Amino acid sequence: MQIMKKKNCFCLLFVAFLLLKGTCAYAQRVFIDSVYYTLDNTAMTAQIAIQSNNTAVGDIVINDTVTYEGANYAVTSMADNAFADCNQLTSIVLPLTLRNLGSAAFLRCTNLTSCIIPDSTITEIPFEAFWKAGLIEFRVPEGVTYIEQRSFEQMPNLQRVHLANSVKSLTSWSFYILPALQDPIYNDSLFVLMPDSYQGAYTIPAGIQVIYKSAFYGCTKITSLTIPEGVKRIEHYGLMFSLNAVIKTLHLPASLEYVTPGAIFGGSLRKISVAEGNTHYTTWNNMLMSINMDTVICCPAAINAAYTLPESVVHVAASAFSVSAVDLTMTNVRSIGEYAFEANSLGKYDSNRHYVIPETVEEIGDEAFYRSYAMEQVTIPSSLKQMGEQVFADSPKLKKAVINSTMIGKGQFRICNNLEIIEIGDSLREIGAYAFHKCPALWYIRMPKANAHFRAIDGVLYSADTAALALYPPKHDGEVFVLPEEVNTLRSSSLRAVNLRKLVLPKGLSQIENELFGGYYLGNDDTPLLDTIVAPMMSVPATQGNPFNLLNQAQTVLLVPCDSLAEIYRANSIWNGFNIQVDSTLLELPEKEPEVETQPDERSVQFTWPAVEGASYYTLIIWANEERTEKICTLTFNSIGQLVEIDFSKHAPTRRAKNTTGTFSFRYNGLDEDTDYWFTMTASDANNTEIFYASGSFATLGANMPTAIEEISDETGTFEGSNGKILRDGHIYLMYNGRMYDVQGNRIK
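Residues numbered from 1 in each chain as written. Predicted model: local features only at pLDDT ≥ 70, side-chain atom pairs only at ≥ 80, totals over all residues. Heavy atoms only, no water.

Enquirer: For this particular structure, what's the right way to read the sheet that holds strand S24 (residues 258–259)?
Expert: Two modes of strand pairing occur in sheets, parallel and antiparallel, and in both the strands are linked by backbone hydrogen bonds. Read across the open sheet, the five strands follow the order S16-S17-S19-S21-S24; overall the sheet is mixed. A strand with exactly one partner marks an edge of an open sheet, and here the two such strands are strand S16 (185–186) and S24. By the bridge criterion, two bridges tie strand S21 (residues 233–234) to S24 in an arrangement that is parallel. If you follow Ile-234 over to S24, its bridge partner there is Val-259. (Pairing = 2+ DSSP bridges. Helix = DSSP H or I, 4+ residues; strand = E, 2+ residues; numbered from the N terminus.)

Okay, here's the thing in structure tokens:
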């Protein structure tokens, strides 16, 4: 029995040895006639392997077969990077048996001047096959149907390419950055690339059916282009001549069936015309339109005028008005394609500086209004159902956006450096990530009515129940931000790029989401500045990811209520980077900050506020608008209520605020009747450091009584809120806030 077991083990070992021997043979690397190969003993084929730079030298001819230990192997393939960086290789001839060319096969072969590939061998030239190679001329063999991206890129010596008629497709950058190219690249049906150094007029050869992707990209000196009958398609960027191109007119043939959005562009292009008989396209005011006038395909960049689109137009195609000087009004458009108004002059005329997107629009593509140079304000309609990314990004003059849609897209206002105010309608339910990335001037969010998802309080955006902070504008007034006690969650990027002296967290805070202070989206957010975080919570909030990304924790003091909690924070890798200190008074913090009360009448308002401990000065500002750009007055009181600084535009106020048992009371006169006003109140210590901030609004009363008196029958009649009544000529009159009214509420002069 023991002998049988040993025999079986020996057989298994022998089989394993044979399998291992066969595997090694399959992967066997050999060196034959200055070239490394990998041999397949089963298929009897050889793959051209990755070469050593010091062996692939000079002129190399690879035969159809190689012989090793008396056996012949057909050379059928080439490994990826086979000759990459072989700088001493000067020419190579590949075999008739070759079926696959490896990716980056001749990458950076800077001295390779000739590569011959026979017809009917490979079907594809792969990714980066000749990237930065030194070829002077190249013949694409018949049988190749596809040329991959970057196959012929950054080749400083390439002058001519003979393109096989078998090639049916390429990518945008199959041939790219070829400064020495002298002749156009094309075959019987595809026009692939024009040398960007070409000057003068040019006629595309007869028989061409497709002007391929980026064919004329960067051609600045072509003065006119003749497109022959027979051309059916113009691919993306096909006739993109560049911003400083000189070509002014473009005539499209009757045979043209399809123009890819974004295919046509030239900085001096003024007119596009279409041959009579074309059944797919027409023109309107020199713009290319669909034949039924429902889609704008392309507006020449040099058209400088204001137009209102016909009501038949329901689609603006991708890139249609890119870099255009047209100031456009849309009336019935339903969809706006990506890049449609990129770098456009929308709003350059006074009438359109506040650009109102019509209520008909349901879809806006990525970067549709990216870098709109003249637009100062935009209104987004409630009709919108789909919004792409970065729709208004990098618009340098945009100051205000009114958003009535249900969503704000990802990165929608990225790098809008002058965006100050966002007004949100009551239908908003979604704010995309990084919507306000790098918006350093944003200081106020207005939301007239809360909805099921959001509410705005004093210019700060919260969830509808105030349980989560959604967005604190980075330039919001004040150096201290005290979060409402209802808040239990700080959402991602809700404190992006803030500049605060102190942040006071609520006692009930339980969760802080990832990237609280901002993150990376096509560039970092601005670095937040924060001196102190007051954390009165008796437990450490849960965190997601890295909530304190971008914040220099070592320069921020974290105040916690007790030593035991401080030790827990110090042991937590998320929190231990802060300068953690204990402030036992946090256990006694009041739940709410002092409030400022207002009691307006027709032409004045009385402010009442409690004294703030440690305050040396109180500064009261009254504003005529919610955005706080039109100031009525600035009043500064000292700690005993004396008015020490005055700056007013309406009326001189009384000189002192009454201080009764720790409460200040002050009346400002000379306001307009029936008018809305806003105010801010700050308290500062002796070092002018702000220690309290409040804001709000009030409305003065109208000239008439707020409610008419429907029935007062005799002297015993009463009216709630009145302060006296008199009889005159058998009629009853009421005194209200020092004025006389009849029973209908009309004021008696």
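Enquirer: Before we go on, may I ask you to explain the nonpolar core in this structure?
Expert: Inside soluble globular proteins, nonpolar side chains tend to come together where they are buried. Core analysis: the biggest nonpolar cluster contains 55 residues, and Tyr-37, Phe-83, Leu-101, Phe-106, Phe-130 and Phe-175 have the highest contact counts within it. Broken down by secondary-structure element, the contributors of at least two residues to this core are strand S1 (28–32), strand S2 (35–40), strand S3 (45–48), strand S6 (71–78), strand S7 (89–93) and strand S17 (190–193). Here Phe-130 is in contact with Leu-101, Phe-106, Cys-115, Ile-125, Leu-135, Phe-138, Ser-151, Phe-152, Glu-153 and Met-155, once residues within four sequence places are set aside. Membership of the second largest hydrophobic core comes to 54 residues, among which are Met-289, Met-330, Leu-384 and Leu-461. (Core = buried A, V, L, I, M, F, W, Y, C linked by side-chain atoms within 4.5 Å. Buried < 20%, exposed > 50% of the residue type's maximum accessible area, 1.4 Å probe, protein only. Contact = heavy atoms within 4.5 Å.)

Enquirer: Is there a simple way to explain the pairing of strand S61 (residues 676–684) in this structure?
Expert: Along a regular strand, successive side chains alternate from one face of the sheet to the other. Most of S61 is tucked away, with eight of its nine residues classed as buried. Where strand S56 (residues 617–623) meets S61, seven bridges bridge the pair, whose relative direction is antiparallel. Residue pairing for S61: Ile-621 is matched across the bridge by Thr-680. Two elements, S61 and strand S62 (residues 690–699), share nine bridges in a ladder whose sense is antiparallel. Directly across from Ala-683, in S62, lies its bridge partner Phe-692. Counting the residues in the hairpin turn of S61 and S62 gives five residues, including Asn-688, whose phi is positive at 65 degrees.

Enquirer: Is there a simple way to think about the pairing of strand S26 (residues 271–274) in this case?
Expert: Along S26, the buried face is formed by Ile-272 and Val-274; none of Lys-271 and Ser-273, which line the opposite face, is buried. Bridge count between strand S23 (residues 249–252) and S26: four bridges; the pairing is parallel. Residue pairing across strands places His-251 opposite Ser-273, the latter belonging to S26.

Enquirer: Honestly, the packing of aromatic side chains in this entry has me stumped. Any pointers?
Expert: Two numbers describe a pair of aromatic rings. These are the distance of the centres and the angle of the planes. Summed over the entire model, instances satisfying the criterion amount to 38 aromatic pairs. Centre to centre, the rings of Phe-191 and Phe-216 are 5.2 Å apart; their planes meet at 5 degrees, and the pair counts as stacked. Of the two residues, Phe-191 is situated in strand S17 and Phe-216 in the loop between strand S19 (210–211) and strand S20 (222–226); the sequence distance between them amounts to 25 residues. In this pair, the class of Phe-191 matches that of Phe-216, namely buried. A centroid spacing of 4.9 Å and a plane angle of 55 degrees characterise the contact between Tyr-618 and Phe-664, whose relative ring orientation is tilted. With Tyr-618 in strand S56 and Phe-664 in strand S60 (residues 663–668), this residue pair connects regions lying 46 residues apart in the sequence. When sorted by exposure, Tyr-618 lands in the same class as Phe-664, which is buried. (Phe/Tyr/Trp six-rings, centres within 6.5 Å; stacked < 30°, edge-to-face > 60°.)

Enquirer: Any chance you could explain the environment of Gly-200 here in plain terms?
Expert: With respect to the helices and strands, the residue Gly-200 is situated in strand S18 (residues 200–203). Sequence spacing of Gly-200 and Ser-224 is 24 residues, and the spatial spacing of their C-alpha atoms is 6.9 Å. In contact with Gly-200, not counting residues within four places along its chain, are Lys-221, Ile-222, Thr-223 and Ser-224.

Enquirer: Explain the side chain of Ser-372 here, please?
Expert: Looking at the secondary structure, you find Ser-372 in the loop between strand S35 (363–364) and strand S36 (377–380). Overall, Ser-372 belongs to the buried group, its relative accessible area being 0%.

Enquirer: Honestly, the pattern of salt bridges in this entry has me stumped. Any pointers?
Expert: Where charged atoms from two side chains of opposite charge come close, those side chains can pair. Considering all chains together, one arrives at 17 salt bridges under this definition. Across the pair Arg-150 and Glu-153 runs a salt bridge, and its minimum N-O distance is 2.8 Å. For Arg-150, a relative accessible area of 25% corresponds to the partly exposed category. When the shortest N-O distance is used, the salt bridge between Glu-673 and Arg-603 registers 3.7 Å. Residue Glu-673 is located in the loop between S60 and S61, and its partner Arg-603 is located in the loop between strand S54 (597–600) and strand S55 (605–610); the two are separated by 70 residues in the primary sequence. Accessibility expressed as a relative area gives 22% for Glu-673, which makes it partly exposed. On the basis of relative accessibility, which here comes to 42%, the residue Arg-603 falls in the partly exposed class. Through salt bridges with shared partners, one network takes in Lys-400, Glu-423, Arg-446 and Glu-626. (Salt bridge = Lys/Arg side-chain N within 4 Å of Asp/Glu carboxyl O.)

Enquirer: Looking at this structure, how should I read helix H2 (residues 563–570)?
Expert: Note: α-helices contain 3.6 residues per turn, so residues at a spacing of three or four share the same orientation. Among the residues making up H2, those that are buried are Leu-565, Ala-566 and Tyr-569. What you see down the axis of H2 is that its buried residues fit within an arc of 105 degrees, all on one side. Of the exposed residues in H2, those oriented more than 90 degrees away from the buried face are Asp-563 and Ser-564. At its buried positions, H2 is contacted by strand S52 (557–560) and strand S53 (579–582). (Arc of directions from axis to C-beta.)

Enquirer: Is there a simple way to think about the sheet that holds S1 in this case?
Expert: In spatial order, the strands read S1-S2-S3-S6-S5; together these five strands make up an open sheet with mixed pairing. Each of the sheet's edge strands pairs with one partner strand only, and the pair in question is S1 and strand S5 (65–68). The mean inter-strand angle of the sheet, taken between neighbouring strand axes irrespective of direction, is 40 degrees. Sheet analysis places S3 next to S6, joined by four bridges and oriented parallel. Each residue of the ladder has a partner; that of Thr-45, found in S6, is Ala-74. (Axes fitted to C-alpha atoms, helices over the stretch in contact; angles between N-to-C directions.)

Enquirer: Help me understand the state of the cysteines, please; the structure alone is not making it clear to me.
Expert: Note: disulfide means a covalent bond formed between the sulfur atoms of two cysteine side chains. Under the counting rule described, the total for this entry stands at zero disulfides. Between Cys-439, a free cysteine, and Cys-416, which holds the nearest cysteine sulfur, the sulfur-to-sulfur gap is 5.3 Å. (Disulfide = S-S within 2.5 Å.)

Enquirer: Would you take a moment to explain the confidence of the model for the protein chain for this structure?
Expert: As a general rule, the predicted coordinates of low-pLDDT regions are not to be interpreted in detail. The predicted model of the protein chain averages 86 in pLDDT, with 87% of residues at 70 or higher. Within the model, the stretch residues 1–25 combines pLDDT values under 50 with two contacts to residues more than four positions away or in other chains. This stretch, residues 705–724, has a pLDDT under 50; its non-local contacts, to residues over four places away or in other chains, come to 39 contacts. (pLDDT = per-residue confidence, 0-100.)

Enquirer: What exactly am I supposed to notice about unusual backbone geometry here?
Expert: Note on backbone geometry: most residues besides glycine have negative phi, and most peptide bonds are trans. One non-glycine residue, Asn-81, lies in positive phi territory at about 65 degrees. Judged by relative accessible area, which is 33%, Asn-81 ranks as partly exposed. With a phi close to 55 degrees, Ala-497 is a non-glycine residue in the positive phi region. By secondary structure assignment, the location of Ala-497 is in the loop between strand S47 (489–490) and strand S48 (499–504).

Enquirer: Whenever I open this one, the side chain of Asp-394 confuses me. Can you help?
Expert: Mapped onto the elements of the fold, Asp-394 is located in the loop between strand S37 (386–387) and strand S38 (400–403). Residue classification places Asp-394 among the buried positions, given a relative accessible area of 19%. Engagement of the side chain of Asp-394 in a polar contact is seen with the side chain of Arg-371, the distance being 3.0 Å. Non-local contacts of Asp-394, meaning those with residues more than four positions away in its chain, are made with Tyr-370, Arg-371, Arg-414, Ile-415 and Cys-416. (Polar contact = N/O pair within 3.5 Å; in protein donor to acceptor, adjacent residues only side chain to side chain.)

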